[in-house]
Amino acid sequence: MQTTRRQFLSIAGGVTVAGTIPIVTLRPLEATPAMLGTAIRNIVGEAQIRTGKVKLDIPPLVENGNTVPITVSVASPMTATDYVRSIHIFNEKNPQPNIGNFHLTPASGRAQVSTRIRLADTQKVVAIARLSDDTFWQVSTEIVVTLAACTEEMN
Amino acid sequence: MAALINVPAKAKRGDIIEIRTLTSHIMETGFRHTADGALVPRNIITGFTCRYNGAEIFRADLFPAIAANPYLSFFTIAKESGKFEFEWIGDNGYSSTASASITVE
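Everything numeric here is computed off the predicted structure, so don't read it as measured data.

Chemist: Please explain the sheet that holds strand β6 (residues 71–77) of chain B as it appears in this structure.
Modeler: Strands belonging to one sheet form pairs held by backbone hydrogen bonds; the direction of such a pair is parallel or antiparallel. One open sheet accounts for six strands, arranged β2(A)-β4(A)-β7(A)-β6(B)-β3(B)-β1(B); its pairing is antiparallel. Both edges of this open sheet fall to β2 (54–57) of chain A together with β1 (3–6) of chain B, since each of them pairs with a single strand only. Between one strand and the next, the sheet's axes are offset by a mean angle of 15°, whatever the strand orientation. The sheet contact formed by strand β7 (residues 112–117) of chain A and β6 of chain B spans two bridges and is antiparallel. For Thr115 of chain A, the partnering residue across the bridge sits in β6 of chain B and is Leu72 of chain B.

Structure follows, in structure tokens:
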């Protein structure tokens, strides 16, 4: 059986943890790309998702996954007839694929939201915008995380 | 719970203004374990709403992947003087509110 670098590192890491702290740690829960797909389908339904219009502003290399600044903006005139209804952010490998849903109105003026998120691993982050004409637009980006969040032990 | 709200005190009618909010909350994910293996129960803020003179202008559903002390920034058009009301709701019946005033000229 071939051992991938990832498997090797997770085993090596597990040994180190077990060696220093004499307890049994559960393997961290991890969402799978399939869960990401399901979470997206729960929002989008059967609609087609196109690439474009959405901009994801997030550091490509994150030292601390516990607080990662993220800004999502959508190219939209934000008028009463053409506006962004909602923005949805997803991740690939946290224990849960959802990050946040943000509901806007024409009164928003600008289709942009910022927050700070947690990332449990190096992974893909996806932002999807639902426009007033019920079309969906997405962007995704790969983020390298050196210190993971979410599943660490409490001290 | 303490919340920090940043809304411009004055704006011209029709300006697009940024609203920034920060509230203190542990946002415990429900995926962490204590050293003796017990699961730490989830305790997060699940929802945020902003109303401008009573009308909802922004709403968010939050998940455990939102960092502790949730920060949110969003925009709105300054249309009239009045009040912004903010509400956070969460697990274990958590509820917190804040407000800010704006003068629109």
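Still more to cover.
Chemist: What is the right way to read the nonpolar core from this model?
Modeler: If you look at the biggest cluster of nonpolar residues, it comprises 53 residues, and the most contacted ones within it are Phe58, Phe84 and Phe86 of chain B. Counting residues in hydrophobic clusters, the runner-up holds eight residues, among them Ala39, Phe90, Val126 and Ile128 of chain A.

Chemist: What is the right way to look at the confidence of the model for chain B in this model?
Modeler: Caution applies to low-pLDDT parts of the model: their predicted coordinates are not meant to be read in detail. Residues with a pLDDT of 70 or more make up 99% of chain B, whose mean pLDDT is 95. Scored as a whole, the predicted complex attains pTM 0.85, and scored at its interfaces, ipTM 0.94.

Chemist: Sorry, what's going on with the packing of aromatic side chains here?
Modeler: Two aromatic rings are characterised by how far apart their centres lie and by the angle between their planes. By the definition in use, this model includes nine aromatic pairs over all chains. On the numbers, 4.2 Å between centres and 25° between planes, the contact of Tyr52 of chain B with Phe84 of chain B is stacked. One end of the pair, Tyr52 of chain B, is in strand β4 (residues 45–52); the other, Phe84 of chain B, is in strand β7 (residues 82–90), and 32 residues separate them in sequence. Phe84 of chain B carries the same exposure label as Tyr52 of chain B, and that label is buried. Taken together, the ring pairs in this structure connect Phe102 of chain A together with Phe48, Tyr52, Phe58, Phe74, Phe84, Phe86 and Trp88 of chain B into an aromatic cluster. One residue, Arg110 of chain A, lies across the ring of Phe75 of chain B, its end atom 4.5 Å from the ring centre. Arg116 of chain A extends its terminal NZ or CZ atom over the ring of Tyr71 of chain B, reaching a point 4.4 Å from the ring centre.

Chemist: I'm lost on the interface of chain B and chain A in this one. Help?
Modeler: Quite often, the size of an interface is put as the accessible area lost when its parts meet. Chain B puts 32 residues into the contact, and the matching count from chain A is 34 residues. Together chain B and chain A conceal approximately 3,000 Å² of surface at their shared face, both sides included; 56% is due to carbon and sulfur atoms. Here chain B and chain A share zero salt bridges between them. Put simply, chain B and chain A have 15 residue pairs in polar contact (both at pLDDT 80 or more) between them. Mapped onto the side of chain B that touches chain A, the elements with two or more residues apiece are β3 (16–23), β5 (55–62) and β6 of chain B. Residue composition of the side of chain B that touches chain A, by class: 22 nonpolar, five polar and five charged.

Rules used in this analysis
Residues numbered from 1 in each chain as written. Chains lettered and ligands numbered in written order. Predicted model: local features only at pLDDT ≥ 70, side-chain atom pairs only at ≥ 80, totals over all residues. Heavy atoms only, no water. Pairing = 2+ DSSP bridges. Helix = DSSP H or I, 4+ residues; strand = E, 2+ residues; numbered from the N terminus. Axes fitted to C-alpha atoms, helices over the stretch in contact; angles between N-to-C directions. Core = buried A, V, L, I, M, F, W, Y, C linked by side-chain atoms within 4.5 Å. Buried < 20%, exposed > 50% of the residue type's maximum accessible area, 1.4 Å probe, protein only. pLDDT = per-residue confidence, 0-100. Phe/Tyr/Trp six-rings, centres within 6.5 Å; stacked < 30°, edge-to-face > 60°. Lys NZ or Arg CZ within 6 Å of the ring centre and 35° of its normal. Contact = heavy atoms within 4.5 Å. Buried area = accessible area lost by both parts, 1.4 Å probe. Salt bridge = Lys/Arg side-chain N within 4 Å of Asp/Glu carboxyl O. Polar contact = N/O pair within 3.5 Å; in protein donor to acceptor, adjacent residues only side chain to side chain. Nonpolar A, V, L, I, M, F, W, Y, C, P; charged D, E, K, R; others polar.

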